[in-house]
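Structural description and commentary
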Amino acid sequence: YEASRLDQLFSTMKQEDWSAEKICTEADRYIADLPNRDEYIYKRNTKDKKKGDLKENEIAAEAEKMEALKSAAQLFAVYANKMQQLARYDYHDMILWVIDAFRKNENLLRNYQERFQYVLVDEFQDTNGAQNEILNLITNYWEAPNIFCVGDDDQGIYEFQGARIRNIRDFIERYKDSLSTIVLKENYRSTQSILDASKKVIDNNTLRLASANSSLEKNLEAALPERKNSLSIPQVHEYANDLQEVTGITQQILALQ
């Protein structure tokens, strides 16, 4: 039970380039802030509590989770040492080795900075912390580097799969004085009715860049005439579980064939 959870934690630590010390520091800061968070403060009087009192049991339970996280993070060094003894590594290790080499060997970093003077990043929202750090290291020699990034802030809803809208926000803030922004509005995949319906849903996401910056208005338009003028209206089908959804889609495909 714990092995799979530790594996997931260690994988996240590698992806984001987080040290055990960073996790412990952030966990302590989070624990100290719990009494200030609305969800841990009573909003009205109860039989034995007054409005404004702290939910001490819930705070203690959350603090216990954080202490367990800190203990787990401390095991990362043991895990890394065991991997080294077994001469094993994974994809995340290869990225971390590059970061480590760049940080320790300035001549190596300067060599790559000189070699890659024009950088293109596609699917920017899918970069994790470690990948983004390599990008920063390669480009931070110049005040305004030649870098072109393509990303979709609306895919930030897939953060549970690794998408990191934060990297796009940080990039915009870092180069705000020299940044040129192009909003891609032409869509070649969907009908206009699907795009309009999708916008009604995604507009509820307050984390999207367009929500924070009115100049980034993002109304997608169907680029192909037959899709722009399509009279087909989207239908919403609800299923009880994944298996029924797959079955329903399969039946529709068979019917269309």
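Residues numbered from 1 in each chain as written. Predicted model: local features only at pLDDT ≥ 70, side-chain atom pairs only at ≥ 80, totals over all residues. Heavy atoms only, no water.

1. A word on the layout of surface pockets
We apply this condition: Here a cavity means grid points, on a 1 Å grid over the protein atoms only, where a 1.4 Å probe fits yet cannot get out; a pocket means an open set of points with protein on both sides within 12 Å along at least five of seven lines; lining residues are those with an atom within 4 Å of a point. Grid points are joined across faces, edges and corners, and a volume is the space filled by probe spheres set on the points. Where helices and strands are cited, they refer to DSSP runs of H or I of at least four residues and of E of at least two residues respectively, numbered from the N terminus. In this classification, Asp, Glu, Lys and Arg are treated as charged, Ala, Val, Leu, Ile, Met, Phe, Trp, Tyr, Cys and Pro as nonpolar, and every other residue, Gly included, as polar.
Of the pockets and cavities examined, the second largest pocket occupies roughly 510 Å³. Forming the walls of the second largest pocket are 19 residues, and the residues nearest its centre are Phe76, Ala80, Asp93, Leu96 and Trp97. For the lining of the second largest pocket, the secondary structure elements donating two or more residues are helix 1 (2-16), helix 4 (76-85) and helix 5 (91-104). In terms of residue count, helix 5 provides more of the lining of the second largest pocket than any other element does, 6 residues in total. Broken down by class, the residue content of the lining of the second largest pocket amounts to 11 nonpolar, 2 polar and 6 charged.

2. What to know about empty space enclosed by the protein
Summary: where empty space remains is shown by rolling a probe the size of a single water molecule over the atoms. According to the stated counting rule, one finds 1 cavity of 30 Å³ or more in the structure shown. Of the volumes computed, that of the largest cavity is approximately 30 Å³. Secondary-structure elements contributing two or more residues to the lining of the largest cavity are helix 7 (129-139) and helix 8 (165-174). The element best represented in the lining of the largest cavity is helix 7, accounting for 4 residues.

3. Side note on helix 12 (residues 242-256)
Inclusion rule: What a helix should span is 1.5 Å times the count of its residues minus one. Throughout this description, a polar contact denotes any pair of N or O atoms lying within 3.5 Å of each other; where both atoms belong to protein, one of them has to be capable of donating a hydrogen while the other can accept it, and for residues adjacent in sequence the pair is counted only when both atoms sit in side chains.
If you check helix 12, its first and last C-alpha atoms are 21 Å apart, about what 15 residues at 1.5 Å a residue would give, namely 21 Å. Among the residues of helix 12, the N-terminal cap falls to Asn241, whose side-chain oxygen and the backbone nitrogen of Leu243 are separated by 3.2 Å.

4. As for the confidence of the model for the chain
Close inspection of predicted coordinates is inappropriate in any region flagged by low pLDDT. Applied cut-off: Values of pLDDT, which run from 0 to 100, indicate the predictor's confidence residue by residue.
Chain-level pLDDT for the chain is 91 on average; 98% of the residues reach the 70-or-more range. Taken element by element, the predicted model of the chain shows its lowest mean pLDDT in helix 10 (residues 209-212) (79) and its highest in helix 12 (97).

5. Section: the nonpolar core
Short version of the rule: To define a nonpolar core, start from buried Ala, Val, Leu, Ile, Met, Phe, Trp, Tyr and Cys residues and group those joined through side-chain atoms within 4.5 Å. The buried label applies to any residue whose accessible area, calculated with a 1.4 Å probe on protein chains only, is under 20% of its type's maximum; exposed applies above 50%, and partly exposed to all values in between. Residue contacts follow a heavy-atom distance rule, with two residues in contact if any of their heavy atoms lie within 4.5 Å.
With 20 residues, the main nonpolar core has Ile99, Val119, Val121, Phe124, Leu135 and Ile147 as its most contacted residues. Counting only elements with at least two residues in this core, the list comes to helix 5, strand 1 (118-121), helix 7 and helix 8. Element by element, the count of residues in this core is highest for helix 7, at 5 residues. Excluding residues within four positions of it along the chain, Val119 makes contact with Leu135, Ile138, Thr139, Asn146, Ile147 and Phe148. Leu9, Met13, Ala73 and Phe76 belong to the second-largest nonpolar core, a separate cluster that totals 8 residues.

6. Remarks on the packing of helix 2 (residues 20-33) against helix 3 (residues 56-74)
Describing two packed helices takes the angle between their axes plus the distance from one axis to the other. The condition that has to hold: Where helices are involved, their axes are fitted lines through C-alpha atoms of the stretch in contact, as for all axes, and angles between N-to-C directions lie from 0 to 180°. In these notes the angle categories are as follows: under 35 degrees is roughly parallel, over 145 is roughly antiparallel, 65 to 115 is roughly perpendicular, and the rest is oblique.
Across the interface, helix 2 lies against helix 3 with an axial gap of 9 Å and an inter-helix angle of 170°. Classified by the angle their axes make, helix 2 and helix 3 are roughly antiparallel. In this structure, helix 2 contributes Ala20, Ile23, Cys24, Ala27, Asp28, Tyr30 and Ile31 to the contact, and helix 3 contributes Glu62, Ala63, Met66, Glu67, Leu69, Lys70, Ala73 and Gln74.

7. Some remarks on the pattern of salt bridges
Side chains carrying opposite charge are able to pair once their charged atoms draw close together. The cut-off we apply is this: Salt bridges, as used here, are contacts in which a Lys or Arg side-chain nitrogen is within 4 Å of a carboxyl oxygen on Asp or Glu.
Taken as a whole and assessed by the stated rule, the structure comprises 20 salt bridges. The residue Lys14 makes a salt bridge to Asp90 at a minimum N-O spacing of 3.1 Å. Placement of Lys14 in helix 1 and of Asp90 in the loop between helix 4 and helix 5 is noted, with a sequence separation of 76 residues between them. What makes Lys14 buried here is its relative accessible area of 3%. When its relative accessible area of 25% is taken as the criterion, Asp90 is described as partly exposed. Measuring nitrogen to oxygen at the nearest pair gives 2.9 Å for the salt bridge that ties Glu173 to Lys176. You can call Glu173 partly exposed: its relative accessible area is 48%. It is possible to trace a salt-bridge network through shared partners that takes in Asp152, Asp153, Asp154, Lys199, Asp203, Arg208 and Lys218.

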